[in-house]
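The chain contents come next:
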Amino acid sequence: MDAIRADSIVKDFGEVRALNGVSLGVEAGELFFLLGGSGCGKTTLLRCIAGLEEPSSGQIFFDGENVTALPTHKREAAMVFQSYALWPHMTVGQNIGFGLEERKVPKSEIVERVKEVLEMVRMPGFEDRGIDQMSGGQQQRVALARALVRQPKVLLLDEPLGALDKKLRDEMQLELRTLQKNIGITFVFVTHDQQEAISMSDRVAVMNDGKIQQLSAPNELYKNPKNIFVSDFIGETNFLKAETKSSDGEFINVSIEGLGEFKIKNNLNIAANSSDVVCSVRPESMMISKVKSDWDICLDAKICQTSYLGEMTRFYVEAKGIDKIITVSSQHFDNQSFENNECFISMSLEDISLLNKK
């Protein structure tokens, strides 16, 4: 049974439809991400799950129980916001224990539970510190501890790392994943950051225009996107004009403009004889070389521009037969490796994804 299930959730704000029939299930103990750009509906869906917004239609279930009409405080869930919402006039311990005091939990139990969650978030002995003495990362841990002290079955996180700088954000991503796996409760995490979702999650629901475009494990999202939006949103890709020809079930003949006709695996059961398709090739799955290769496709090319990124170099190239700039990433060359900027770019048919345009 799913820890959380959303069935056909619609949410309207006046004439604006923020959620358009969203359904999903989150497994118990899962680190689940809602990923998308601004206005896609991800935070609205999280707030519906939390009980902070009431769906216009549809139902929310926790462990099989319909909680759609239950107020927030009666759901076994806690929420962590990007702003942390800590009280500056209270100590760390008082911030964490405040909700328990409101519930009339005995003081001795509050002390023990505060101590326990501070151990969880690697801040033992910080009970008497002031919030103004905390770094951004420490404040984020305090906000987590305040949510965890309630012993929820589900923790809902709305862009909790958004206010942190990149280095600290990267550190906290690892800490959060480790914490979630250690305590074993269900996390539902909202973010607009593709790298964050891909690196941390068990599964990701990619959202756009109030709908889920794809719900998959992160490697599936990246390697086997279901449509152009997902392919473009998750990482970088090159789109090539194409038309499908005849199909023999598992494979389909595809004419790629300027390159020729090739037999490509038809993972999405795309129709034969269609021009409403496109081919997608990731920059890192292509090879840039000084000499011609024996890969399935090898093209004469010329480098227009490069970006040195430390761990890799990104090349922007004009390739023979392709009427747009192609992006290729490589860890093996720097900016000065090619004489007269002349090169070859190669790709394997197994790295080409065939997608519907819509």
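Scope of this entry: the structure provided in the associated data block. (Residues numbered from 1 in each chain as written. Predicted model: local features only at pLDDT ≥ 70, side-chain atom pairs only at ≥ 80, totals over all residues. Heavy atoms only, no water.)

Here's the deal with the sheet that holds strand S20 (residues 352-356)
- Spatially, S13-S12-S11-S14-S20 is the arrangement adopted by the 5 strands of the open sheet, whose pairing is antiparallel. What marks the edges here is a single partner per strand, and that holds for strand S13 (260-265) and S20. Put simply, the sheet's adjacent strands are angled 40° from each other on average, direction ignored.
- Where strand S14 (residues 277-281) and S20 come together, 5 bridges link them in antiparallel fashion. Residue pairing across strands places Val 281 opposite Ile 352, the latter belonging to S20. (Pairing = 2+ DSSP bridges. Helix = DSSP H or I, 4+ residues; strand = E, 2+ residues; numbered from the N terminus. Axes fitted to C-alpha atoms, helices over the stretch in contact; angles between N-to-C directions.)

Here's the deal with the layout of surface pockets
- Of the volumes computed, that of the largest pocket is approximately 590 Å³.
- Lining the largest pocket are 19 residues, and of these Gln 194, Gln 195, Gly 235, Glu 236 and Arg 314 sit closest to its centre.
- Contributing elements (two or more residues each) for the lining of the largest pocket: helix H5 (166-183) and helix H6 (194-200).
- A total of 4 residues in the lining of the largest pocket trace back to one element, the largest contributor, which is H5.
- Taken as a whole, the second largest pocket spans an internal volume of roughly 510 Å³.
- Taken together, 22 residues line the second largest pocket, and the ones lying closest to its centre are Ala 78, Met 79, Phe 81, Arg 146 and Arg 150.
- Of all the secondary-structure elements, those providing two or more residues to the lining of the second largest pocket are strand S6 (77-81), helix H2 (92-102) and helix H4 (136-148).
- Among the elements that line the lining of the second largest pocket, the one with the most residues is S6, at 5 residues.
- Looking at the lining of the second largest pocket, its residues break down into 15 nonpolar, 3 polar and 4 charged. (1 Å grid on protein atoms, 1.4 Å probe; cavity = no way out; pocket = protein on both sides within 12 Å on 5 of 7 lines; lining within 4 Å. Points joined across faces, edges and corners; volume = space filled by probe spheres on them. Nonpolar A, V, L, I, M, F, W, Y, C, P; charged D, E, K, R; others polar.)

Overview of the sheet that holds strand S9 (residues 203-208)
- In space, the 6 strands of this open sheet follow the order S6-S7-S8-S3-S9-S10, with mixed pairing throughout. This sheet does not close on itself; its edge strands, each paired only once, are S6 and strand S10 (211-216). Sheet twist, expressed as the mean angle between neighbouring strand axes with direction ignored, is 15°.
- Running at roughly 165° to S6, H4 makes contact with S6 and strand S7 (154-158) of the sheet. (Contact = heavy atoms within 4.5 Å.)

Observations concerning the environment of Asn 20
- Among the secondary structure elements, Asn 20 is positioned in strand S2 (residues 16-26).
- Classification of Asn 20 by relative accessible area gives partly exposed; the value is 31%.
- Separated by 323 residues in the primary sequence, Asn 20 and Cys 343 have C-alpha atoms spaced 48 Å apart.
- For Asn 20, the contacting residues outside a window of four places in its chain are Ile 9, Val 10, Gly 210 and Lys 211. (Buried < 20%, exposed > 50% of the residue type's maximum accessible area, 1.4 Å probe, protein only.)

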